[in-house]
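Secondary and tertiary structure notes
The lines below spell out each chain.
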Amino acid sequence: MALAAALPAMLVSMVLLWRGDYTAKTQWTLTVVIAGVWLGFAFSLRERIVRPLQTLSNILAALREEDYSIRARGARRDEALGEVMIEVNALGDTLKEHRLGALEATALLRKVMEEIDVAVLAFDGEQRLQLVNRAAERLLAQPSERILGQRAAEMGLQDCLEGDPVRTLQETFPGQPSATFRWRMHRTTFRERGLPHQLLVLSDVSRALREEELQAWQRLVRVLGHELNNSLTPIKSVAGSLESLLLREPRPADWQDDVQQGLRVIGTRAEALSRFMGAYARLARLPKPKLAPVDVGAWVRRVVGLETRMRVALRPGPELTIRADEDQLEQLLINLLRNAVDATQEAGGAVRVGWTRNARHLEVWVEDEGPGLANTANLFVPFFTTKPSGSGIGLVLSRQIAEAHGGTLTLENRRPGPGCQARLRLPL
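Residues numbered from 1 in each chain as written. Predicted model: local features only at pLDDT ≥ 70, side-chain atom pairs only at ≥ 80, totals over all residues. Heavy atoms only, no water.

1. Here's the deal with the packing of aromatic side chains
Taken as a whole and judged by the stated rule, the model has one aromatic pair. With a centroid separation of 5.0 Å and an interplanar angle of 80 degrees, the aromatic rings of Trp18 and Trp28 are classed as edge-to-face. Taken as a pair, Trp18 in helix α1 (residues 2–19) and Trp28 in helix α2 (residues 24–64) lie far apart in primary sequence, ten residues in all. Classification of Trp18 by relative accessible area gives partly exposed; the value is 36%. For Trp28, a relative accessible area of 54% translates into the label exposed. (Phe/Tyr/Trp six-rings, centres within 6.5 Å; stacked < 30°, edge-to-face > 60°. Helix = DSSP H or I, 4+ residues; strand = E, 2+ residues; numbered from the N terminus. Buried < 20%, exposed > 50% of the residue type's maximum accessible area, 1.4 Å probe, protein only.)

2. Things to note about the sheet that holds strand β9 (residues 351–357)
In space, the five strands of this open sheet follow the order β7-β9-β10-β12-β11, with mixed pairing throughout. The open sheet has two edge strands with one neighbour each: β7 (313–315) and β11 (408–413). Averaged over all pairs of adjacent strands, the angle between strand axes in this sheet comes to 15 degrees, irrespective of strand direction. The sheet contacts of helix α8 (residues 296–306) involve β7, β9, β10 (361–368) and β12 (420–427), and relative to β9 the element is tilted by about 170 degrees. Docked against the sheet, helix α9 (residues 326–347) engages β9, β10, β11 and β12, running at close to 25 degrees with respect to β10. (Pairing = 2+ DSSP bridges. Axes fitted to C-alpha atoms, helices over the stretch in contact; angles between N-to-C directions. Contact = heavy atoms within 4.5 Å.)

3. Brief notes about the pairing of β9
Among the seven residues that make up β9, five are buried, leaving the element largely enclosed by the rest of the structure. Of the pairings in the sheet, the one linking β7 to β9 comprises three bridges and is parallel in character. Within the sheet, the bridge partner assigned to Leu314 lies in β9 and is Val353. Across seven bridges, β9 lies against β10 in antiparallel orientation. Residue Gly354 lies in a different strand from β10, and its bridge partner there is Trp365.

Following this line, the structure appears as structure tokens:
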């Protein structure tokens, strides 16, 4: 093409030269000069085009072979081929960075797979094992060199590749003791080079279930102990008051009425606590409320009367009746009132209890003049407590009782003034 580009001018110059009135020496000399210049420029043009294209071809071949060390030299932006080579060099740098990142990510993934205590296996479309981590090797009691390429049926994993992709299994694998373990199985599909593969993940949940069971028992014992202490404390206080009354000489004229009232309070509270704890022991959780008519005024006054450590101011609201579980509501209000008295005894002040009503809700509030709440974010976190001897159960249980009745329980610092206010809202 380079020769053909100058061929028309060459033919015209030759015709004019050989038909003109020139000597033979001049004609031959000019013919040799014109032909030499023509061939020289043609081959020079070919060299300037072919050599960069060959270099570019070699660089692209190296990139295809994932060799990113070759670069084109002498490329200039004022030439078209130079700009192409500059872009190819930039492409090589980008591919090198991507390959380095992919290698680092793959190395990290392999390291994580080797270290996690979860068995990971990958099978191809023919259910042949293609990938296995260290935990899976221990589970199957064989090294990866021996089991790679085996079929799932040969390793006893055929059932794992069929059926529900997420389920719990009870299996005994070669690498485990003779006891049957419970496994959580997850199976998913992915593609590699366009071919479908299956990824199988097996995690031992037996240990976790045993730990959860132990924690559940510990929580249950702490809840029961907390509620026993909250109810037995006023019973003990009333019993002590009755003992002092009986030992007094001479006794007051109305001592029999006081004894009967104290025994009635002890009996009522003990009976309610017995029912509450019996249901808790049977279900190991908060029993479902047994709804019945509850006189709000009688309920609040009865709980206020149980607190003997200090005088609690009562701010009565409208007399009304709601449907609720009276035993559970008593336990809830005892917890709130006990916390308020504990806080007030530390800082000094008063405790007030009352209730109000709007169109849809009954609101029972308990406020104290204690130091207030320093951390409101963890109030309802199980076992979180700011008391040296507290268990962190009372508020959690109280909120569960409120929510079981379709209500809410909130605690916040009083504004204005020191102290805290608890608000229980129950639907009418």
